[in-house]
Structure formats: structure tokens, C-alpha cells
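Next come the chains, spelled out residue by residue.
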Amino acid sequence: MTTTVGQYLSARLGQIGLKHHFAVAGDFNLILLDELLAEGSTKQIYSCNELNCGYSAEGYGRANGAAAMIVTFSVGALSAMNAIGSAYAENVPVILISGAPNTNDHGSGHLLHHTLGNTNYGYQAEMMRHITCATEVIFSAENAPHQIDNAIRAALRERKPAYIEIPCNLANAACAAPGPVSSLLSEPAADQASLEAALEETGRFLYARDKVVLLVGSRMRASGIIDLLPALADRMGCAVTVMAAAKGFFPEDHPAYRGVYWGEVSSPGAQDLIEGADGVLCLGPIFNDYATVGWRATLNPENTLLADLQGITVNGRVFEGFSIRQYVEALTARAPRRAGSAETPRQPQPTIPTAARDARLTNDEMARQINALIDSNTTLTAETGDSWFNAVRMTLPGGAKVESEMQWGSIGWSVPAALGGALAAPDRRHVLMVGDGSFQLTAQEVAQMVRYELPIIIFLVNNHGYVIEIKIHDGPYNYIKNWDYAGLITAFNAKDGHGLGLRATTAGELAGAIEQAKANTNGPTLIECDLDRSDCTETLVKWGTKVAAANGRPPKVN
Ligand code: DPX
């Protein structure tokens, strides 16, 4: 039994559960794209450029567990690197496949187009090594199946992007056909001795404490076990908080939920709860400068149990050789009840009063109306900027999901990422909040939402500039050219699209626009929300001041 290298890859992508792959065509990948179409396990989705292609794959991978994208050599792949950096930082297994020069041109001295203008064509793989967990450069059809499998297996196990380079004359070359996929999907068995020791040490940690709180972090998306967390909380009987980047990772209508822990900008009561706890069980946290509000919200390591994707640290000891799934499943079966923290009731979130219909639209009223739109079947994608703070302060029904990119924080990510998420989860409602500055980086991907008839509701927050930057450190560079954002949709529709572009300057106009958006099921609706530049969430200002102070620390003098 034989197939071709391209069709082998295509079959594997289908076998690991993908229904789509993202692509931008170029002469080094055209035959590969033909092979993927011919094999047909996954649908080919086209992006306007490779950066958007990568962000779409990253968004798809968040919703679907993994994603794939095909680009051409150098001009395509180098543009995709920012998005692959995002997938690395955010722990999303995106498989990046690049077409490459003909095998006969490597080492031949031939000078090729789309290259740096010298005759060494290994530089792209060298660059990719730094931002992927596996880099496979294929030079023979015979080895291709093993190399493709290695890259896919590594990406799925490590929850990181992987890179496969396929020369243009090998995409349709014959190779062995794929066997069963189980070896790519199976999780390695746990090191039972290490897992047992970890559970014993966890027991010692927990028995010595009463006020234990669970703190859920954003790496839990990659763990694939967010759904198991309520059972762990029920078993332990303790209170649960989430980090800002993990908003929505624990059902907010669960009795144990106590809000978002984000240092001084936490939900009411959450900071006292975490900082007053005698034990914090941190599940998949990322404690970066943003999460710690400029290194101010740092937890006492003696009171902290750190469970990450591949092991735990507790009582000054590290235990590895098992996944966080294996650990959490075992802990849920035998953790002691530690209900002390649950005695502290959840404090109510501040409510936003409803504005009069003819009142000038404010950030608060916009957030209130978007919050009301979110049901248990909604995914809210929140772009870097004030949209983070608006998403974090919302009250979510159980089942609602939030996607944000707080580790990588590359503006423009959210538009293609929301497109990817909508393709991966077509039965959910997809809502996007994106600032005007961020939107200008990747706006053209709305045209693909029109093309694929994706009914994404986009709230374009037009606060006339880089407001988060204005609050952190102001200067002329934070002021951008205004666009007719709602008007763009007419251009993207051309003659055949069903996108809708609307503009809201009052509370009533926004309410009316949301009703129109709900009824527009054959394409995206972009609602441009016109706000004053000075209008933003209070927490943004408080947080921004502290983060700016951390950025502005003078160099240490030795
Ligand atoms: C920058 C950021 O309009 O949102 O809510 O008004 O801040 P807000 P906007 O989308 O502006 C975003 C802007 C310029 N960050 O305030 S957060 C620096 C930056 C980045 N990523 C990339 N380039 C620059 N985060 C790719």
C-alpha cells in the first residue's frame, strides 16, 4: 500500500481530529495543496495572509485541540512566525507545514526566488527550531511518514507548535500509507511510583492546611481537563478562583466559584481569599508580569502547590513523569476534604446600571450589553487592550467560554483567532471584542468571515487610539488614523457577501444593532462602538499604572 507524502500528511490530519486546515498558496506549496484536496480528510480554508493564517490556526486549535496550516517558503513562513510564537506561548499545538525548494536545488548553488539571496536553504528550519517543539525537514519520501508522525506526536504531547518542511517535488512522491493513529494520540502511561509519591506529598501539604483554595491558570486549556475541575472542587469542598487569562475555565455558577484572582485588580474578595489562604493549589498557572500586576501579586511558595502540564512542585520537591490529567484524576479520587475557604462567601460583582436609550454610549454600557448577550453556548474572544478588562469583569453563565492571549499579547490576534474558533465550533455563538488599534493589523480577515458565512458578532471598540498604552505611557505614537470601520463591510461583501456593518453612538443604537446581529446568520456583523478616548475600565487604569512602574524600574547598580 502506498500513498503520497502530501496525502499521508492529509490523512494524519484527519485522523487526529481536524476537519479543516488553513492555507495561503505559493509556488512552493501548490502541489502539496493539491494533494491535501485530493485526499480530502480536511477542508482547505484560505486566509488573506500567513500571519492571519497562523492566528486562525491558533484559534482553531484552542477550540479543537490541534490545528494545521500550510504556507509557502520564506515569504509565507516568516510572516507566520508571530502566530507560531503565539501558539508556543499559549500552548496550542499548531502544525505548521511549509513548502520548500526542490530537493535538487539544495546544495546545488542554484539561487532561488523567495529566499534570502544566498544558496543555503536551511535558515527557515533553523529559525523555526526556536518556536516549535519539533522541526522536521523532509528530504526523502521514504522517511517522510516517520518525520510527519514525529512532528504531530510531539505537538500533541507537548501542546506546542511543530514544524514540517516539504520540498515541492516531494509533495506528490510515493511513500508508505498511514497505519492506525493511536500511537500519535495516546498519552504515555504515568510513572506510577512518581505519581504515587506526588499524591502522598500532596496529601501531606493538604492535611497540614485548612484554608485551601484552587487557583486555575491558563495552561489548563492545553490540559484538556477543564471539565474535570468541578469534580475536584466538589471533592475538596474548597473555594475556587481563576486567573485572568483563565477567565471562564471554571463554571461561574458553581457554588465554589469566588471570582478572578489578579492581585489588586481581582474580583471583589478574591485577593483576600487567595492571599489569606494557607494553601493555594495552582493548576496550570502562568505568573508573568501582567498576571502579577507588575510582580506585586506573588504567592508564598511555602503555601503553594504548583501543578503544571507535566508534573508538580510541592513542599520544595518536584515530581514528574505524569500528566496533569493523570494527577488531577487521581487527586479527585482521594483528596481530603478541605472546606475552610468555602466558608468565605462570594462577594457580589459590581453591577452596571442600565443606561437610558438615548444616552451617549459608554464603555460600561457596552460591556453590560455584551455581557447580556453571552449565554452558556457563547465563546467570547477578547483582544489585548481594554477588551481584556471588560471580559474579565463579566459574569458568565456556566458553559460560556472566553479566549484571550495574555501571555503572547500580539494585537490583531483576535480577528483571525475568532474565525478559527468559529470554524472549529460552528454550533456555538461567537462574539469578538477588539479595539480599533488591534483591528487595523488584521482587519482583512473579516473578508474571510464573509466568504465562509460565519455569523461572528464583532464589537469594534472605537475608543480612538491605543488606550491601554495611553494609560501606561502616553505619547503621539498612541494615536491612530480613524477608519470607517462599519463601512469596511460593504467593501468586504462586494457583490455576494452577507456581512453587516453597523455603528452605535448611543445605548439604544447598540441594543438595536445587537438585535440585527442576532438575526444575521449568514455572515459576520461588525458593530462599531463609538466611545470617548478617556472612557475605559477602572481596572485597566489601576493595573496599567502598576505594570508601567514595573517596566520603568531603573537598572540595578552593582
Ligand atoms: C498596543 C496596544 O485600540 O485597544 O483598548 O484602546 O488599548 P485599547 P486597541 O486595540 O489598541 C491596542 C494597543 C499598541 N500594544 O493599546 S495593546 C503593543 C503591541 C502589541 N502587539 C503588537 N504590536 C504592538 N501588543 C503586534
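The rules behind the values
- Residues numbered from 1 in each chain as written.
- Predicted model: local features only at pLDDT ≥ 70, side-chain atom pairs only at ≥ 80, totals over all residues.
- Heavy atoms only, no water.
- Near = heavy atom within 4 Å.
- Polar contact = N/O pair within 3.5 Å; in protein donor to acceptor, adjacent residues only side chain to side chain.
- Areas by Shrake-Rupley, 256 points an atom, 1.4 Å probe, with all protein chains shown as cover.
- Helix = DSSP H or I, 4+ residues; strand = E, 2+ residues; numbered from the N terminus.
- Nonpolar A, V, L, I, M, F, W, Y, C, P; charged D, E, K, R; others polar.
- Buried < 20%, exposed > 50% of the residue type's maximum accessible area, 1.4 Å probe, protein only.
- Contact = heavy atoms within 4.5 Å.
- Pairing = 2+ DSSP bridges.
- Salt bridge = Lys/Arg side-chain N within 4 Å of Asp/Glu carboxyl O.
- Expected span 1.5 Å × (residues − 1).
- Lys, Arg positive; Asp, Glu negative; His and termini not counted.
- Axes fitted to C-alpha atoms, helices over the stretch in contact; angles between N-to-C directions.
- Parallel < 35°, antiparallel > 145°, perpendicular 65-115°, else oblique.
- Left-handed = near helix turned anticlockwise from the far one by under 90°.

(A) Just the site of the ligand, in detail. Surveying the vicinity of the ligand reveals 16 residues, the closest of which are D386, D436, S438, I468 and E469. A distance of 2.5 Å separates an oxygen atom of the ligand from a polar atom in the side chain of S438. Within the side chain of E469, a nitrogen or oxygen atom sits 2.7 Å from a nitrogen atom of the ligand. Taken by itself the ligand offers 590 Å² of open surface, and the protein chains cover 79% of this. Contributing elements (two or more residues each) for the shell around the ligand: α16 (436–442) and α18 (467–472). A class-by-class count of the residues in the shell around the ligand yields four nonpolar, nine polar and three charged.

(B) Quick peek at the environment of D105. Residue position: D105 is located in the loop between β5 (94–100) and α5 (123–129). Here D105 falls in the buried class, since its relative accessible area comes to 15%. On a C-alpha basis, the gap between D105 and Y121 in space is 8.9 Å, while along the polypeptide they are 16 residues apart. When neighbours within four sequence positions are excluded, D105 is seen to be in contact with H110, L112 and Y121.

(C) Examining the pairing of strand β4 (residues 67–71) more closely. For β4, the buried fraction is high: five of the five residues fall into the buried class. Neither face of β4 is exposed, since A67, M69 and V71 on one face and A68 and I70 on the opposite face are all buried. Sheet topology note: the strand β2 (residues 20–23)/β4 ladder contains two bridges and is parallel. By the bridge assignment, F22 is partnered in β4 with M69. For β4 and β5, the ladder comprises five bridges, and the chain directions are parallel. Considered in β5, the bridge of M69 is made with L96.

(D) Region of interest: the pattern of salt bridges. On inspection of all chains with the given rule, the structure shows 21 salt bridges. R62 serves as the salt-bridge partner of E403, at 2.9 Å between the closest nitrogen and oxygen. Here R62 lies in helix α3 (residues 50–64) and E403 lies in strand β17 (residues 401–403), a separation of 341 residues in the sequence. One salt bridge connects R325 with E329, and the closest N-O pair in it is separated by 3.7 Å. Separated by four residues within a single helix, R325 and E329 lie in helix α12 (residues 324–334), roughly one turn from each other. Among the residues examined, E329 registers a relative accessible area of 42% and is labelled partly exposed. Overlapping salt bridges bring together E58, R62, E90, R221 and E403 as one network.

(E) Expanded view of helix α8 (residues 192–207). Here α8 is 16 residues long and its end C-alpha atoms lie 22 Å apart, about the 22 Å a rise of 1.5 Å per residue gives. For α8, the N-terminal cap is D191; the gap from its side-chain oxygen to the backbone nitrogen of A193 is 3.2 Å.

(F) Up close: the side chain of R258. By the secondary structure assignment, R258 is in strand β11 (residues 257–261). Although R258 is buried, it forms no salt bridge, and the closest oppositely charged side chain is E343 at an N-O distance of 9.6 Å. Polar contacts involving the side chain of R258 include one to the main-chain carbonyl oxygen of A256, which spans 3.2 Å. Polar side-chain contacts of R258 include one of 2.9 Å to the backbone oxygen of A342. Once residues lying within four places of it in the same chain are set aside, the contact partners of R258 are A239, V240, T241, A270, L273, A342, T344, P345 and R346.

(G) Structural detail: the packing of helix α1 (residues 5–15) against helix α6 (residues 144–158). Remark: α1 packs on α6, axes separated minimally by 10 Å, with the N-to-C direction vectors making an angle of 30°. Here α6 runs roughly parallel to α1, going by the angle between their axes. Crossing hand, α1 versus α6: right-handed. Contact with α1, carried on its side by V5, Y8, L9, R12 and L13, involves A144, P145, I148, D149 and I152 of α6 and no other residues of that element. Residue composition of the contact of α1 with α6, by class: eight nonpolar, no polar and two charged.

Geometric descriptors of this kind do not, in isolation, establish any biological role.
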